[in-house]
Amino acid sequence: MLDFSTLLTRAVPEAFRRASANDPHPPGLSLSGLGPCLRQAAFQAANTPYDPEHDDGGEKRSAWLGTAIHLWFLPILAEALSGYGEVVEVLVEDPITLTAASQQIPGRHDLYVRVRDTETGEEGGCIVDLKTVKEWALGKIVSYGPEEHQEWQVDGYALGRRQAGYPVTATAFIHMDRATGEDVITVRPFGQREAMAVIERVRLIYSHADQPLWAPTDLLGPDLDWRCRSCPFTRRCWPEITDGRSNHHAIDPAKRREIADAAAEYTAARTRETQAKADKQLAAAKLADAKSGSYKGPIGTFKIGRIPGKEIDDPEALSALLAEHDLTRPKKRSKESLTVTAITG
Ligand code: SF4
């Protein structure tokens, strides 16, 4: 008698493994990697190869169920949205590139919907992100709202879409229970504050790209956090791991980690401080010939002003910095310094 039970018991996990093996995730940072772990993002920004033991071809059942729901639900949601009079455009799973902190970061958002007020003609747009979760996670969303790392991801899509010339005034999450279909919808405004936060996040990630291991993290390692267990850099990050188990706590008490974390934070802050000074000087040089007034761009509106005073730039350092970026030093403005004020989102 043919044993169909054995056949299917073997085939089901094999189907998940095949799906995963056909879906290699190349190294490198994408918009979905802006959170939750700064160190993991820094490894990706540095194009770090995955740990040799990392099993990217595992079953990843939960992720595949989430993908299946996306594939089924998003086109139907787009169809439903398109039926409303104020909706002028819906894009599903559209690729997007965010330019921030001199970096180009690719991504693919779930859904973008553009609306036009039928009376005033005013337009707005929203990036919608579907997150399939377990029941306990849905309860957490109800109590505390979306987590910050999820917000960075959608704000990255939103800014990328805005940079591509589309209006984006809001972002939305649809958190959906993977078992019951119950959902929680959260809509947030998207403006200058959110755009600046995502740019700062990108800058922070890349400031750690030359030493990703120094990037601070709140995650507690593969013994205590599933995200570390599925991370492709676990062994680099937690070199004490032996045979898949960490003896980190046996090697040293919590104090050791505390000191290492504080040292990493100190090093990271020093790197950011140096980078921020250079970035500010370069940006000021680019503004040296800008006339006073208001300027509107995809990130928001900024007021440029000049106040009498002594020019603070170090001329030699500034010339060297500009030469690095193939720029020439603009005409010197003596006895006045620059003011830049962010006005609106
Ligand atoms: S192992 Fe954990 S802490 Fe280390 S980079 Fe990966 S997710 Fe972050």
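Residues numbered from 1 in each chain as written. Predicted model: local features only at pLDDT ≥ 70, side-chain atom pairs only at ≥ 80, totals over all residues.

- Taking an unreviewed UniProt entry as the reference, the protein is identified by name as PD-(D/E)XK endonuclease-like domain-containing protein belonging to Streptacidiphilus cavernicola.

As for the overall build of the protein
Here's step 1: Along its length, the protein carries 11 helices and 10 strands.
Here's step 2: Counting all 345 residues of the protein, 22% fall into the buried class.
Here's step 3: A separation of at least 24 residues holds for 68% of the contacts in the protein among residues at least 6 apart in sequence. (Helix = DSSP H or I, 4+ residues; strand = E, 2+ residues; numbered from the N terminus. Buried ≥ 20, exposed ≤ 12 C-beta atoms within 10 Å, placed from the backbone. Contact = placed C-beta atoms within 7 Å.)

Some remarks on the environment of Gly139
Here's step 1: Summarising the element assignment, Gly139 is placed in helix α4 (residues 135–144).
Here's step 2: On a C-alpha basis, the gap between Gly139 and Val184 in space is 9.3 Å, while along the polypeptide they are 45 residues apart.

Some details on the nonpolar core
A general tendency of soluble globular proteins is for nonpolar side chains to be buried together.
Here's step 1: Judged by nonpolar contacts, the single largest core of 39 residues is most densely connected at Leu38, Ala41, Ala42, Val113, Ile127, Ala158 and Ile205.
Here's step 2: Of all elements in the fold, only α2 (38–45), β1 (87–100), β2 (103–116), β3 (123–133), α5 (148–163) and α6 (192–207) reach the threshold of two or more residues within this core.
Here's step 3: Ranked by residues supplied to this core, first place goes to α6 with six residues.
Here's step 4: Apart from residues no more than four positions distant in its own chain, Ile205 is found in contact with Leu29, Leu38, Ala41, Ala42 and Ala45. (Core = buried A, V, L, I, M, F, W, Y, C linked by C-beta atoms within 7 Å.)

Side note on helix α1 (residues 4–21)
Here's step 1: Taking 1.5 Å of rise per residue, 18 residues should cover 26 Å, and α1 covers 25 Å from first to last C-alpha, within 8% of that figure.
Here's step 2: Across the 18 residues of α1, zero count as buried, placing the element largely on the outside. (Expected span 1.5 Å × (residues − 1).)

A word on the pairing of strand β5 (residues 183–189)
Here's step 1: Pairing analysis gives seven bridges linking strand β4 (residues 170–177) to β5, with the strands arranged antiparallel. Along β5, the bridge assignment pairs Ile174 with Ile185. (Pairing = 2+ DSSP bridges.)

Some remarks on the confidence of the model for the protein
Keep in mind that low pLDDT regions are not for reading the predicted coordinates in detail.
Here's step 1: Averaged over all residues, the pLDDT of the protein is 84; the fraction at 70 or higher stands at 83%.
Here's step 2: Low pLDDT (under 50) marks residues 243–251, which in the prediction has 12 contacts with non-local residues, meaning those over four places away or in another chain. (pLDDT = per-residue confidence, 0-100.)

Points about the sheet that holds β5
Strand pairing in a sheet relies on backbone hydrogen bonds. The paired strands run either parallel or antiparallel.
Here's step 1: The sheet built from five strands is open, its strands ordered β1-β2-β3-β4-β5 with mixed pairing. Each having just a single partner strand, β1 and β5 make up the two edges of the open sheet. Mean inter-strand twist for the sheet, computed between neighbouring axes without regard to direction, equals 30°.
Here's step 2: With eight bridges connecting them, β3 and β4 associate as parallel partners. Bridging from a neighbouring strand, Val133 pairs with Asp177 of β4. (Axes fitted to C-alpha atoms, helices over the stretch in contact; angles between N-to-C directions.)

Digging into the site of the ligand
Here's step 1: Near the ligand you find 13 residues, and of these Cys37, Gln40, Cys228, Cys231 and Cys237 are the closest.
Here's step 2: Looking at the shell around the ligand, the elements that each hand over two or more residues are α2, α7 (226–229) and α8 (234–237).
Here's step 3: Counting residues per element, the shell around the ligand draws most heavily on α2, at three residues.
Here's step 4: Residue composition of the shell around the ligand, grouped by class: eight nonpolar, three polar and two charged. (Near = placed C-beta within 6 Å. Nonpolar A, V, L, I, M, F, W, Y, C, P; charged D, E, K, R; others polar.)

Section: α4
Here's step 1: When you tally the buried positions in α4, you get one out of 10 residues, a small fraction of the element.
Here's step 2: The first or second residue beyond α4 is Gly145, which carries a positive phi of 80°.

Here we look at unusual backbone geometry
Here's step 1: Residue Pro36 is reached from Gly35 by a cis peptide bond, and omega for that bond is 5°.
Here's step 2: Mapping Pro36 onto the fold places it in the loop between α1 and α2.
Here's step 3: One non-glycine residue with positive phi stands out, namely Ala101, at about 50°.
Here's step 4: Within the fold, Ala101 resides in the loop between β1 and β2.
Here's step 5: Taking the C-beta count within 10 Å as the criterion, Ala101 has 18 such neighbours and is therefore assigned partly exposed.
Here's step 6: Here the phi dihedral of Ser102 falls at roughly 65°; this positive angle occurs in a residue that is not glycine.
Here's step 7: Mapping Ser102 onto the fold places it in the loop between β1 and β2.
Here's step 8: The exposed category is assigned to Ser102, around which 11 C-beta atoms lie within 10 Å.

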